[in-house]
Amino acid sequence: MFLGKVVGKVVSTQKSEKLIGNKLLIVKKIDEKENLIGDHFVAVDTVGAGANDTVIVVTGSGSRNSSDSQNDIPIDASIVGIVDSIEWDEH
Amino acid sequence: MFLGKVVGKVVSTQKSEKLIGNKLLIVKKIDEKENLIGDHFVAVDTVGAGANDTVIVVTGSGSRNSSDSQNDIPIDASIVGIVDSIEWDEH
Amino acid sequence: MFLGKVVGKVVSTQKSEKLIGNKLLIVKKIDEKENLIGDHFVAVDTVGAGANDTVIVVTGSGSRNSSDSQNDIPIDASIVGIVDSIEWDEH
Amino acid sequence: MFLGKVVGKVVSTQKSEKLIGNKLLIVKKIDEKENLIGDHFVAVDTVGAGANDTVIVVTGSGSRNSSDSQNDIPIDASIVGIVDSIEWDEH
Amino acid sequence: MFLGKVVGKVVSTQKSEKLIGNKLLIVKKIDEKENLIGDHFVAVDTVGAGANDTVIVVTGSGSRNSSDSQNDIPIDASIVGIVDSIEWDEH
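Residue numbers here run from 1 along each chain, matching the order of that chain's written sequence. Whichever chain is written first becomes A and whichever ligand is written first becomes 1, with later ones labelled in order. Since the coordinates come from a predicted model, pLDDT governs what is reported: local features require at least 70, and pairs of side-chain atoms require 80 or more to be given and counted, while whole-chain, interface and lining totals use all residues. Excluding hydrogens and water, the side-chain values take into account all heavy atoms of the structure.

Each copy is superposed on the other by least squares, with the fit set by C-alpha atoms of residues at a pLDDT of at least 70 in both. The operation relating chain A to chain D is a screw motion whose rotation component is 72°, with 0.0 Å of axial translation and a residual RMSD of 0.0 Å. Those values place the two copies in the arrangement expected of a five-fold rotation axis.

Of the transformation placing chain C onto chain B, the axial shift is 0.0 Å and the rotation is 72°, giving an RMSD of 0.0 Å. A different interface surface on each copy is seen, since only 3% of the contact residues of chain C are contact residues in chain B too. Any two residues whose heavy atoms approach within 4.5 Å are treated as being in contact.

The working definition used for a salt bridge is a side-chain nitrogen of Lys or Arg within 4 Å of a carboxyl oxygen of Asp or Glu. With the rule as written, the count across this model stands at 28 salt bridges over all chains. Here A:Asp72 makes a salt bridge to A:Lys18, at a shortest N to O gap of 3.6 Å. Placement of A:Asp72 in the loop between β4 (54-59) and β5 (77-82) and of A:Lys18 in the loop between β1 (2-11) and β2 (24-30) is noted, with a sequence separation of 54 residues between them. We call a residue buried when its accessible area falls under 20% of the maximum for its residue type, exposed when it is over 50%, and partly exposed in between, using a 1.4 Å probe and counting protein chains only. Residue A:Lys18 is classed as partly exposed on the basis of its relative accessible area, which comes to 24%. One salt bridge in this structure joins D:Lys18 and A:Asp68, with 4.0 Å as the shortest N-O distance. Of this pair, D:Lys18 sits in the loop between β1 (2-11) and β2 (24-30) while A:Asp68 is found in the loop between β4 and β5, placing the two residues in two different chains. Through salt bridges with shared partners, one network takes in A:Asp68, D:Lys18 and D:Asp72. Starting at the N terminus, helices and strands are each numbered in turn, a helix being any DSSP run of H or I of at least four residues and a strand any DSSP run of E of at least two.

Turning next to the interface of chain C and chain B. With 31 residues of chain C at the interface, the matching set in chain B holds 34 residues. Using a 1.4 Å probe, buried area is obtained as the accessible area two parts lose upon being combined, added over both of them. For the chain C and chain B pair, buried surface summed over both sides reaches about 2,500 Å², with 49% attributable to carbon and sulfur atoms. The interface formed by chain C and chain B holds three salt bridges in total. Taking the shortest distance from any N to any O, the salt bridge between C:Glu32 and B:Lys28 comes out at 2.9 Å. Distance and chemistry together define a polar contact, namely a pair of N or O atoms within 3.5 Å, with one atom able to donate a hydrogen and the other to accept it when in protein, and with adjacent residues in sequence counting only for side-chain atoms on both sides. One can count 20 residue pairs in polar contact (both at pLDDT 80 or more) joining chain C with chain B.

This part takes up the arrangement of the chains. The two units chain A and chain C never meet; even their closest C-alpha atoms stay 11 Å apart. Of all C-alpha pairs spanning chain A and chain E, none lies closer than 11 Å, and the two are not in contact.

Residues and elements named next belong to chain C. Secondary-structure assignment places Ser63 in the loop between β4 (54-59) and β5 (77-82). What makes Ser63 buried here is its relative accessible area of 0%. Polar contacts involving the side chain of Ser63 include one to the main-chain amide nitrogen of Ala77, which spans 3.4 Å. With near-sequence residues (within four places) excluded, Ser63 lies in contact with Val58, Gln70, Ile75, Asp76, Ala77 and Ser78.

As a further point, take the pairing of β2(A). Residues and elements named next belong to chain A. In terms of burial, β2 is largely enclosed, as six of its seven residues are buried. Pairing between strands is defined by DSSP: at least two bridges between the two strands are required. In the sheet, β2 pairs with strand β3 (residues 36-45) via seven bridges, with the strands oriented antiparallel. Of the residues in β3, the one forming a bridge with Lys29 is Ile37. Linking β2 back to β3 in an antiparallel pair, the connection comprises five residues, with Glu34 at a positive phi of about 65°.

Glancing now at unusual backbone geometry. Of all residues except glycine, most have a negative phi; of all peptide bonds, most are trans. Positive phi is not limited to glycine here, since D:Asn52 has a value of about 70°. Note on D:Asn52: relative accessible area 30%, which makes it partly exposed.

Here we come to the interface of chain A and chain D. At the interface, 31 residues of chain A touch 34 residues of chain D. Of the roughly 2,500 Å² buried between chain A and chain D on both sides combined, carbon and sulfur atoms contribute 49%. Its largest share of buried area at the contact with chain D, chain A owes to A:Met1, A:Asn65 and A:Asp89, together 27% of the area lost on that side. We note a salt bridge from A:Glu87 to D:Lys9, for which the minimum N-O separation is 3.6 Å. Breaking the side of chain A that touches chain D down by element, the ones donating at least two residues are β1, β2, β4, β5 and β6 (85-88) of chain A. Pairing analysis gives four bridges linking β6(A) to β1(D), with the strands arranged antiparallel.

This is the structure we're talking about:
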């Protein structure tokens, strides 16, 4: 999984039927200082995330394991947690 | 998933039988300003996308979940939505 | 999937039994001008591809969907089409 | 799999039910000199790893094979070993 | 799959039970001139590979297809062949 920030939302009417009812949020990875890095992703929200939330994103087949209703939908990334805090270890 | 733009089409006669009847479109990722970035991909169209459409692309095993007829075909990317609009959050 | 060019072949005697009889070709991605880019991959040929052919390569679990005999072999990339032509859209 | 170092921990209350009870550690890849490189990942701990441990991380569907209870949880990376030592070959 | 060279070995006592008995080798990709490139990976050996061997590595779910005993172990890369020779095509 990776840590990211919700930076937007995608609106799509002409889409796979199996995606209907799913909230498609745009997420960017963050680094240790919570700067936005890399390309953005589209992820299905499964925990009620919203604008500027710091979130946990799972990719690949695991993204369809949040609930049984998602097992066979055409997605490869979903938001599975909203971050309360990140504790960085002393090196 | 990622956001991309349809930039071309691939014609292939000598191909896996299971791909026959599938439209193979070439897609490039876009950034926040809708500039084309990175390498291009070949994706199977499942929603009637065409030239210059902004689309949602799912990769990996999820790309075969659009319909039951696609479950066991040899693909790793498919277009699952045509984008109406992208709403970027205020930071 | 991605577009690539066949650039070589791998010969391996001491290999997984399940790979015996499979042609292991080396492929490099191509860009819009058909220049070779990025790292090379090893892919199993399923359509009779050969030296310098422009091909369509599927990666991941989809690479084992070309035929039932390939479902459980240890591969992650296969050539599923030989390209006749690529049509790039006007921007 | 890759070799990494545990560099932190994520606390998340509002998360997928299936993640409850799983320790979410932050890991960074290491190079031959054990310098931290690349982006960080979030991985589920399955072997009792802790701060600054050098660990083995498996990604993708394999990350859910550590135990039967993990087969269908929404994760794509897990820590499957704590490294005792790394032996580099003479070139 | 990719071509790589065995560059080391990982010793780990505190690991997933399902990994016990598997040889964990460290591999780096090679380029056309057999220079080592990119990050190193940890891969399970399935063909008796050793130090400095040039090998074929499969990643993802395919890495668990070498033998039935490996189907459900927590790995994402395995060595499936030792390279005898690489034949590069004339361009």
